[in-house]
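Residues per chain are reported as follows:
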Amino acid sequence: MTTTAPLPAAAAYGRLMDQANRHDPYPLFAELAAEPVQRLDAHTWLVARHTDIARLLRDPRLSARDDAPHGGPDAPLGSDGLPFAGPFLSLDPPHHDTLREQTMHQLVPRILGMRPHIEAAVGQLLDAAGGGPGRLDIVESVAYPLPVGVICELLGVPREEEPVFHSFATRLTRGLDPVESLSARQIADLEVTRRDWRAYLLPMIARRQADPGADLISGLLTEGDPAHRMNTLELGATLGLLLIAGHETTVNLVANGTLALLRHPDVLARLRADPGLAPAVVEEVLRFDPPVQMTGRHATAPIQVGGQTVEPGDRVLLLLAAGNRDPLRFPDPDRFWPERPDNAHLAFGGGVHYCVGAALARMEAQAALSAIATRLTAPRLVADPPPYRPTMLLRGPRELLVDHDGITGRAPASG
Ligand code: HEM
């Protein structure tokens, strides 16, 4: 239900971050979207309407660079000759575009051929859960291991090193939380993890440099114009970005999708009868309960939003999840409706930073949700709502326990 009275700024911020709202933040988002833009503090704005978010994601006056001071007199240089400034998600054009293009060039053709492998991987994860009646944690058994296995396959990381990658994905993802929400101990742990990650990656990169294979890392190191290739720092940052950006997001998509299906047995039954519905189901999960709820930018020039002026240096938070439920854009926005026409959700962002892994995430979620719908007999939620992770930006269940009367069929062996 939508009210028209704006929330006081501090109250809006507090409620946004409040763990008590994590299992269902959507009534709050509807309240926030009653105003096109909310001031959260002297220099922070929150934008919640679909049309404004879609426009601002494409506005070059907003920068994706983060607040962290980069460089210094001794800082290493990036391939653009400027001090190295981190992964391309937090860079602006033109340097962003160069690194993104090289990544896409390697990623897209490899993703295209992955569907059979992903379907086999999902099948094997369900096989491992056994055949008889039982209880399954969808997060631990399917949603979590699937994307790590897939990213290892893409990067050419040997199977025996998958557990190492898995552990890095978990540990590095903590760094996405706002730094204020981390304890001193967690920040120190994160530093150690980042050091360990570099220590793990650098020899791997050196091995590919000496003896390139057919994998994505070798492709980035050896293909294209040598004058514009990523240097080792940029390659390391890009690999970290692919691992982090592609992991917890996909975990949440599979878990949020399973939850939506179990809460909407009519849709579950239709998907079970017709796995061809999976792409539409996944698009609707992306709109209805998106894994990335929000993203942020800084204004580099004055920008008008909803009758307010955002000043240079101000932070702009774009509440993608609220835009996805905007009644001005989506009729009956709180209804989970896979056949919804013109489902132009904001789950993968937009503009120059539009998600490079969208096609892969779609494939993984389509394979996982159709296998869960067709192979689990009489699945039912053990706890509704399930417990959620504390993070606001990447939102999803910590565990999703499902009781079932059996897991049918066995997966074909992977090639
Ligand atoms: C359901 C899964 C996923 C969701 C919801 C998601 C969402 C997003 C969003 C919202 C952005 C834009 C952020 C911004 O504008 O600030 C983004 C960017 C990005 N995503 Fe994804 N993502 C998913 C899966 C993946 C996967 C599987 C990969 C890699 C294999 C990936 C790699 C990236 C990268 C590298 C960027 C940065 C793009 C750029 O800055 O140009 N994502 N993603």
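- Within an unreviewed UniProt entry, the label attached to the protein reads Cytochrome P450, and the organism entered is Streptantibioticus silvisoli.

**Points about the side chain of Arg297**
Point 1. Here Arg297 is to be found in strand β5 (residues 295-299).
Point 2. With no salt bridge to any partner, buried Arg297 finds its closest opposite charge in Asp92, at an N-O distance of 6.5 Å.
Point 3. The contacts of Arg297, once residues within four sequence positions are left out, are Leu57, Leu62, Ser63, Ala64, Asp314, Arg315, Val316, Leu318 and His353.

**Observations regarding the site of the ligand**
Point 1. The ligand sits among 27 residues. The nearest are His96, Arg100, Thr295, His353 and Cys355.
Point 2. One nitrogen or oxygen atom from the main chain of Ala245 is found 3.3 Å from a nitrogen atom belonging to the ligand.
Point 3. Those elements that place two or more of their residues in the shell around the ligand are α4 (95-112), α11 (232-263), β5 and α15 (358-375).
Point 4. The class makeup of the residues in the shell around the ligand is 17 nonpolar, eight polar and two charged.

**Side note on the coordination of the iron atom of the ligand**
Point 1. Only one protein atom coordinates the iron atom of the ligand: Cys355 (SG), located 2.3 Å from the metal.
Point 2. If you trace the backbone, Cys355 turns up in the loop between α14 (320-323) and α15.

**Concerning helix α8 (residues 162-173)**
Point 1. Here α8 spans 16 Å end to end across twelve residues, near enough to the 16 Å set by a 1.5 Å rise per residue.
Point 2. Listing the buried residues of α8 in full gives Phe165, Phe168, Ala169, Leu172 and Thr173. Across the axial projection of α8, the buried residues extend over an arc of 115°, all falling on one side.
Point 3. Buried-residue contacts for α8 involve α7 (145-155), α9 (184-210) and α11.

**Points about unusual backbone geometry**
Point 1. Note that the residue after Pro93, namely Pro94, is joined by a cis bond; omega there is 5°.
Point 2. With respect to the helices and strands, the residue Pro94 is situated in the loop between β3 (62-63) and α4.
Point 3. Geometrically, the link from Asp384 to Pro385 is a cis peptide bond, its omega value of 5° lying close to zero.
Point 4. Even without being glycine, Asp342 reaches a positive phi, approximately 55°.
Point 5. With respect to the secondary-structure elements, Asp342 resides in the loop between α14 and α15.
Point 6. When its relative accessible area of 58% is taken as the criterion, Asp342 is described as exposed.

**Comments concerning α7**
Point 1. With nine of eleven residues buried, α7 is to be regarded as a mostly interior element.
Point 2. When we look at burial in α7, the residues that qualify are Leu146, Pro147, Val148, Gly149, Val150, Ile151, Cys152, Leu154 and Leu155.
Point 3. Backbone geometry just after α7 places Gly156 at a positive phi near 75°.

**As for the sheet that holds strand β10 (residues 401-404)**
Point 1. Strand order across the open sheet formed by three strands is β4-β10-β9, with antiparallel pairing between neighbours. The strands lining the two open edges of the sheet, one partner per strand, are β4 (134-137) and β9 (380-381).
Point 2. Two elements, β9 and β10, share two bridges in a ladder whose sense is antiparallel. When the bridges of β10 are listed, Leu381 appears paired with Val402.

**Looking at the sheet that holds strand β2 (residues 44-47)**
Point 1. The sheet built from five strands is open, its strands ordered β1-β2-β8-β5-β3 with mixed pairing. Taken across any chain shown, the strands that pair with only one partner, and hence form the sheet edges, are β1 (37-41) and β3.
Point 2. As paired strands, β3 and β5 are joined by two bridges and run antiparallel to one another. In the strand pairing of β5, Ser63 is matched with His298.
Point 3. Helix-sheet contacts for helix α3 (residues 50-57) involve β2, β3, β5 and β8 (315-318), and the interaxial angle to β8 is about 125°.

About the criteria used
- Residues numbered from 1 in each chain as written.
- Predicted model: local features only at pLDDT ≥ 70, side-chain atom pairs only at ≥ 80, totals over all residues.
- Heavy atoms only, no water.
- Helix = DSSP H or I, 4+ residues; strand = E, 2+ residues; numbered from the N terminus.
- Buried < 20%, exposed > 50% of the residue type's maximum accessible area, 1.4 Å probe, protein only.
- Lys, Arg positive; Asp, Glu negative; His and termini not counted.
- Salt bridge = Lys/Arg side-chain N within 4 Å of Asp/Glu carboxyl O.
- Contact = heavy atoms within 4.5 Å.
- Near = heavy atom within 4 Å.
- Polar contact = N/O pair within 3.5 Å; in protein donor to acceptor, adjacent residues only side chain to side chain.
- Nonpolar A, V, L, I, M, F, W, Y, C, P; charged D, E, K, R; others polar.
- Donors = N, O, S within 2.8 Å, 3.2 Å for Na, K, Ca; no water.
- Expected span 1.5 Å × (residues − 1).
- Arc of directions from axis to C-beta.
- Pairing = 2+ DSSP bridges.
- Axes fitted to C-alpha atoms, helices over the stretch in contact; angles between N-to-C directions.

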